[in-house]
Amino acid sequence: SMSARSFAIVTALIWAPATCFVPTISVRKSPLFQTTCRTGLVPPRAPVVTFLQVEQSSCNHDLIGQEITSEKKGRRGEQWRKMVENRRNFIIGAAVLFATIGAPSPCSASSILSHIPSPNDLKVALVSILDGLSHSGTKGMVVYTMSFILWTMTFGATTPIETAAGMAFPLQKSIPLSAIGKTCGAFFQYVLAKYLFADYARKKMKGNEWMDKINASFQSHPYRVALIWRFSPLPEFMKNIGPALVPTLRTPYQILAILTHGLPFTVLWSCMGREAAMVARGGQASLLFKRMVTIISGVGLVVSPTLFGMWVKGLGTSTEESDA
């Protein structure tokens, strides 16, 4: 037997075409719609009044004819607007009705939500996959590195992957593999943006005063500004694509900034994954590691946003001085 939900879905599939097209057919058959298609936007049904009396002046003819024509056009236009509005309300009401009928029951909704994996489940699955790669020898290391490059170029969030790799691989393998994957992903994203899309973006931003100030800042201190950009709280793709739009920044400075910023964090997150694996096996985290986490957290939460904010403020100050 057909369930209530299946019946609602079948009913919606049958009535959806009628909801969309039946009002259109009825409008097309109306004399008002046919007259509109033949003569213009909203024409009157009766012809425009003409005046045959010779003794009246031509000026009066024009004024009276325009008033009558405008009145009839306004009346027909109001009828047309009402028809369109009624059709729109009908479609909206039918859509709401079918959505209400076809909505999942609380039981099915809770069943769907129960199958959504939690962050802990995702982490366990990721560690399991990387653990399998770690036992696959050279092939597993190549697969992890190439996958990490693609991940960095698309999603950008590298911390969970590096931490999970530290749990699955030995440190002498996880650190170089994660460093190669993250560095190559960031570099490839920068190169693609610089040599494929930069010209189009520069044309769009041509004459932008802020872009001129950023360009001048990169030209004066290329490595320092590139490093500040890497430590900024911006999303990962902005850290790679943003400098690619600056014509005065040379690629070696960007590579050096990527390495200076990326390598310490790769070591940190790999060690954190290793420590987490040791704690999970019943061990204790080392005191040195705790101090490293405290220092890096302070740099990430306080020092980096402060430096980036001071740089942006300096750009604004130079912009105001140039305007003055």
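Residues numbered from 1 in each chain as written. Predicted model: local features only at pLDDT ≥ 70, side-chain atom pairs only at ≥ 80, totals over all residues. Heavy atoms only, no water.

### What about helix α11 (residues 236-244)?
When α11 is considered as a whole, its buried residues turn out to be Glu 236, Lys 239, Asn 240, Gly 242, Pro 243 and Ala 244. Where α11 is buried, its residues touch α8 (171-204), α10 (222-230) and α12 (251-280). (Buried < 20%, exposed > 50% of the residue type's maximum accessible area, 1.4 Å probe, protein only. Helix = DSSP H or I, 4+ residues; strand = E, 2+ residues; numbered from the N terminus. Contact = heavy atoms within 4.5 Å.)

### Examining the confidence of the model for the chain
Detailed reading of predicted coordinates is not advised where the pLDDT is low. Per-residue confidence for the chain gives a mean pLDDT of 74, with 63% of residues at or over 70. Segment residues 16-29: pLDDT under 50, and 16 contacts once partners within four positions in sequence are set aside and those in other chains are kept. Low confidence marks residues 40-59, where pLDDT is under 50. Its contacts with residues over four positions away, or in another chain, come to 22 contacts. (pLDDT = per-residue confidence, 0-100.)

### Side note on the nonpolar core
Among the nonpolar cores identified, the biggest contains 19 residues, and Ile 214, Phe 218, Val 246, Leu 249 and Trp 311 are the most heavily contacted of them. When neighbours within four sequence positions are excluded, Ile 214 is seen to be in contact with Val 246, Trp 311 and Leu 315. (Core = buried A, V, L, I, M, F, W, Y, C linked by side-chain atoms within 4.5 Å.)

### Comments concerning the pattern of salt bridges
Within the structure shown, the criterion is met by three salt bridges. Between Lys 182 and Glu 162 there is a salt bridge whose closest N-O contact spans 3.1 Å. Placement of Lys 182 in helix α8 and of Glu 162 in helix α7 (residues 159-168) is noted, with a sequence separation of 20 residues between them. Judged on exposure class, the residue Lys 182 and its partner Glu 162 are both buried. In this structure, Arg 202 engages Asp 199 in a salt bridge whose closest nitrogen and oxygen atoms are separated by 3.7 Å. Taken together, the positions of Arg 202 and Asp 199, both in helix α8 and three residues apart, correspond to about one turn of that helix. By relative accessible area, which is 52% here, Asp 199 ends up exposed. (Salt bridge = Lys/Arg side-chain N within 4 Å of Asp/Glu carboxyl O.)

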